[in-house]
Amino acid sequence: PPGAGRPEAAAAVTAGDAGRLDWAGLLRAGLVELSLTPAEFWALTPAELRLMLGIDAVAAPLTRARLEELVARFPDRKEGDRTDEQG
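Keep in mind the model is a prediction, meaning the values are calculated, not measured. (Residues numbered from 1 in each chain as written. Predicted model: local features only at pLDDT ≥ 70, side-chain atom pairs only at ≥ 80, totals over all residues. Heavy atoms only, no water.)

The next point concerns the overall build of the protein. Of regular secondary structure, the protein possesses five helices and zero strands. Across the 87 residues in the protein, those meeting the buried criterion constitute 17%. Taking the intrachain contacts of the protein between residues at least 6 apart in sequence as the baseline, contacts between residues at least 24 apart amount to 41%. Carbon and sulfur atoms form 57% of the exposed surface of the protein, whose accessible area is close to 6,900 Å². (Helix = DSSP H or I, 4+ residues; strand = E, 2+ residues; numbered from the N terminus. Buried < 20%, exposed > 50% of the residue type's maximum accessible area, 1.4 Å probe, protein only. Contact = heavy atoms within 4.5 Å. Areas by Shrake-Rupley, 256 points an atom, 1.4 Å probe, with all protein chains shown as cover.)

Written out as structure tokens, the structure is:
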């Protein structure tokens, strides 16, 4: 899809500094990457633009590697904590 794997398109659609949209980037993505007319671009909703650019709003599935990273970063127990097995 047009925009898929293009970080500049994804960055334009997601919030920029202080939560502001990158309007120049969005317009560039719509007019150049998608070959939309200005009227077609301005008639789109942000969700429609994201869909057309191939930017999936749904989070990627949790992989085993990501789960292990999260477990290491946020352990259920800290060193020295007692476990059920210790009584």
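The volume enclosed by the largest pocket comes to roughly 160 Å³. Together, ten residues line the largest pocket, and W23, L26, T45, P46 and L49 are the ones closest to its centre. Looking at the lining of the largest pocket, the elements that each hand over two or more residues are α2 (23-33), α3 (38-43) and α4 (46-53). Considering only residue class, the lining of the largest pocket consists of nine nonpolar, one polar and no charged. (1 Å grid on protein atoms, 1.4 Å probe; cavity = no way out; pocket = protein on both sides within 12 Å on 5 of 7 lines; lining within 4 Å. Points joined across faces, edges and corners; volume = space filled by probe spheres on them. Nonpolar A, V, L, I, M, F, W, Y, C, P; charged D, E, K, R; others polar.)

The subject of this paragraph is the nonpolar core. Residues L26, A29, L34, L36, F41, L49, L53 and I55 constitute the largest nonpolar core, which totals eight residues. Those elements that provide at least two residues to this core are α2 and α4. (Core = buried A, V, L, I, M, F, W, Y, C linked by side-chain atoms within 4.5 Å.)

The subject of this paragraph is α2. Listed in full, the buried residues belonging to α2 are G25, L26, A29 and G30. With its buried residues spanning 130° around the axis, α2 presents them on a single face. Exposed residues pointing more than 90 degrees away from the buried face of α2 are listed as R28 and V32. Of the residues trailing α2, S35 is marked for its positive phi of about 55°. (Arc of directions from axis to C-beta.)

Here we come to a nonpolar patch on the surface. A cluster of nonpolar side chains, L21, W23 and W42, forms an exposed patch at the surface whose accessible area comes to about 360 Å². You can see L21 is positioned in the loop between α1 (7-13) and α2. Exposure remark for L21: the relative accessible area of 35% places this residue in the partly exposed category. (Patch = residues over 30% accessible without salt bridge, like charges linked within 9 Å, V, L, I, M, F, W, Y side chains within 5 Å. Salt bridge = Lys/Arg side-chain N within 4 Å of Asp/Glu carboxyl O.)

Another point: unusual backbone geometry. Outside of glycine, negative phi angles account for most residues, and trans bonds account for most peptide bonds. In this structure, S35 is a non-glycine residue whose phi angle is positive, near 55°. Note on placement: S35 falls in the loop between α2 and α3. Residue class for S35 comes out exposed when judged on its relative accessible area of 58%.

The next subject is the packing of aromatic side chains. Centre-to-centre distance and the angle between the planes together describe a pair of aromatic rings. Taken as a whole and judged by the stated rule, the model has two aromatic pairs. Look at F41 and W42: their rings are 4.8 Å apart centre to centre, the planes differ by 85°, and that puts the pair in the edge-to-face class. For F41, a relative accessible area of 5% puts it in the buried group. Each residue in the set W23, F41 and W42 is aromatic and connected to the rest through ring pairs, giving one cluster. (Phe/Tyr/Trp six-rings, centres within 6.5 Å; stacked < 30°, edge-to-face > 60°.)

These results come straight from atomic positions and should not be treated as a statement about function.
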